[in-house]
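# Observations on the three-dimensional arrangement
Residues per chain, in single letters:
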Amino acid sequence: MAAILPGFLWVFALLWALGICAICLVNGALRKKDDHRQVETVQWSVIAMQIVSMFMCCAPYGIYKLLYDQIQGAARHVYAMLGIPSAVVLGVFFVAELVLMYLQANRAQRDIIDDVLTKRHHAK
């Protein structure tokens, strides 16, 4: 059981990061300017999920260090060989979360400004 726990946590952290990216994409992070649907601001729950994601991305490596003595043979070798590449993959997806959240927030801000200006223009 100890041998698969870091790998399981790594996969879970990756799926969590992919979920956050998917939420931002669905909410309009990459919508084109000619798409006139309203983009929602980034929800506080997504921001909280992103903070949790930071800890989840670190957890597999901390658990590996804690369970190092219990992990034997081939599993230890696999974790040692894949340590840096797996950290790079999680890092890329962690940064992708931040970028997509920024893009969604930026697009939502523009939509809000457009709505305010449109209402002000029609009020005259």
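Computed from a predicted structure; not experimentally measured.

A tally of helices and strands in the protein chain yields 3 helices and 0 strands. Reading the helices (α) and strands (β) of the protein chain from amino to carboxyl end gives α-α-α. Relative to its length of 124 residues, the protein chain is extended, with a C-alpha radius of gyration of 20 Å against a globular reference of 14 Å. The burial tally for the protein chain puts 27% of its 124 residues in the buried class. Residue pairs in contact within the protein chain that sit at least 24 positions apart in sequence constitute 85% of those at least 6 positions apart. Accessible surface computed for the protein chain: about 8400 Å², of which carbon and sulfur atoms make up 72%. Here the protein chain contributes 11 positively and 8 negatively charged side chains, and the mean placements of these two sets differ by 4 Å.

By size, the foremost hydrophobic cluster in this structure holds 8 residues: I20, C21, C24, A29, V42, V46, L100 and M101. Those elements that provide at least two residues to this core are helix 1 (5-26) and helix 3 (73-123). A total of 3 residues in this core trace back to one element, the largest contributor, which is helix 1. Within the second largest apolar cluster, 5 residues are counted, among which are A13, M56, C57 and L90.

Moving on, we come to the packing of helix 2 (residues 44-66) against helix 3. One way to put it is that helix 2 packs onto helix 3 with a least axis distance of 10 Å and a crossing angle of 170°. Judged by the angle between their axes, helix 2 and helix 3 are roughly antiparallel. In this structure, helix 2 contributes V46, I47, Q50, S53, M54, C57, Y61 and Y64 to the contact, and helix 3 contributes R76, Y79, A80, G83, S86, A87, L90, F94, E97, L98 and M101.

On to a nonpolar patch on the surface, then. Taken together, the side chains of V11, L15 and L18 make up a nonpolar region of the molecular surface, amounting to roughly 250 Å² of accessible area. Summarising the element assignment, V11 is placed in helix 1.

The rules behind these values
Residues numbered from 1 in each chain as written. Predicted model: local features only at pLDDT ≥ 70, side-chain atom pairs only at ≥ 80, totals over all residues. Heavy atoms only, no water. Helix = DSSP H or I, 4+ residues; strand = E, 2+ residues; numbered from the N terminus. Rg over C-alpha atoms; globule rule 2.2 N^0.38 Å. Buried < 20%, exposed > 50% of the residue type's maximum accessible area, 1.4 Å probe, protein only. Contact = heavy atoms within 4.5 Å. Areas by Shrake-Rupley, 256 points an atom, 1.4 Å probe, with all protein chains shown as cover. Lys, Arg positive; Asp, Glu negative; His and termini not counted. Charge placed at Lys NZ, Arg CZ, Asp CG, Glu CD. Core = buried A, V, L, I, M, F, W, Y, C linked by side-chain atoms within 4.5 Å. Axes fitted to C-alpha atoms, helices over the stretch in contact; angles between N-to-C directions. Parallel < 35°, antiparallel > 145°, perpendicular 65-115°, else oblique. Patch = residues over 30% accessible without salt bridge, like charges linked within 9 Å, V, L, I, M, F, W, Y side chains within 5 Å. Salt bridge = Lys/Arg side-chain N within 4 Å of Asp/Glu carboxyl O.

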